[in-house]
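# Observations on chain architecture
So the chains spell out like this:
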Amino acid sequence: MKKEDTVKLISAEGFEFVIDKEAAMVSQTIRNMLTSPGSFAETEHGEVTFPEISTTILEKICQYFYWSLQYSRGKETDFHIEPELTLELMMAANYLHT
Amino acid sequence: MAMYIRVKRSKTTYFIQCDPTETILDIKQKLRVLIDQPVNNQRLILMGTGEVLEDSKTLADQKVENDTIVALTLRKDDNEFEDVDIVKPNDFYQSRDADGGSW
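Note that the coordinates shown come from a computational prediction; the quantities given were computed from them, not determined experimentally.

Parameters at a glance
Residues numbered from 1 in each chain as written. Chains lettered and ligands numbered in written order. Predicted model: local features only at pLDDT ≥ 70, side-chain atom pairs only at ≥ 80, totals over all residues. Helix = DSSP H or I, 4+ residues; strand = E, 2+ residues; numbered from the N terminus. Buried ≥ 20, exposed ≤ 12 C-beta atoms within 10 Å, placed from the backbone. Pairing = 2+ DSSP bridges. Axes fitted to C-alpha atoms, helices over the stretch in contact; angles between N-to-C directions. Contact = placed C-beta atoms within 7 Å.

## Looking at the overall build of chain B
The number of helices and strands found in chain B is one helix and four strands. The order of α-helices and β-strands along chain B, N terminus first, is β-β-α-β-β.

Now the structure itself:
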């Protein structure tokens, strides 16, 4: 595991989530940020700030990224979403193309 | 990747990919790369039980499962380890860690 292979996602409240790039790229939006050459400052620092996404939602999204990786490798489990999170989570998912 | 754990300290969470057969020392070596702190200065504590995880034991031995939350504390200047310090977002979900990560 190398530091360059991770990316830091920062929530509206300034909480930080350090995850594997591989996991972050489950999101098409983040994939574009990390792979388009020179067009995003985020690419250089490996940090992406989401001022519109709350900490709770961002953590849930990170958990989803890893769940998605596990699922794609044949570990078929359910992904639990608390009902009170669904609306905010859907809005974030829409933004992230996830 | 068989599983991942969530290592938390202050306002930061590290998602660490791992395998149930890996030892706590293996996890600390992964963290060393991310936080630039030698393994001797790291202590990992299982949030559900408050148990300090031992380097030589595996994750499976100590009932650390997928999506488990583990607290990271670091050695301070006086050679003691700091207390667990995990900041939670101040919203309606504040109580979620209190139930031992049952989700």
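## Some details on the pairing of strand β2 (residues 12–18) of chain B
Across the seven residues that make up β2(B), a large majority, five, are buried. For strand β2 (residues 16–20) of chain A and β2(B), the ladder comprises three bridges, and the chain directions are parallel. Along β2(B), the bridge assignment pairs A:Glu16 with B:Thr12. Where strand β1 (residues 3–9) of chain B lies against β2(B), seven bridges are found, and the strand directions are antiparallel.

## Structural notes on the sheet that holds strand β1 (residues 6–10) of chain A
The seven strands lie next to each other as β3(A)-β1(A)-β2(A)-β2(B)-β1(B)-β4(B)-β3(B), forming an open sheet whose pairing is mixed. Edge positions in the open sheet fall to β3 (47–49) of chain A together with β3 (42–46) of chain B, since each of these has one partner strand only. Strand-to-strand twist in this sheet, taken as the mean axis angle between neighbours without regard to direction, amounts to 25°. Bridge count between β3(B) and strand β4 (residues 69–74) of chain B: five bridges; the pairing is antiparallel.

## Some details on the environment of A:Ser11
In this structure, A:Ser11 sits in the loop between β1 and β2. Beyond its immediate chain neighbours, meaning those up to four positions away, A:Ser11 contacts A:Phe50, A:Ile53, A:Ser54, A:Thr55 and A:Leu58.

## A few points about unusual backbone geometry
Backbone geometry at A:His97 places phi at a positive 50°, although glycine is not the residue there. As for its position among the elements, A:His97 is in the segment after α5 (86–96). Residue class for A:His97 comes out exposed when judged on the 12 C-beta atoms lying within 10 Å of it. Backbone geometry places B:Ser10, a non-glycine residue, at a positive phi of 55°. On the secondary structure map, B:Ser10 appears in the loop between β1 and β2. A residue is classified by how many C-beta atoms lie within 10 Å of it, and B:Ser10, with 11 of them, is exposed.

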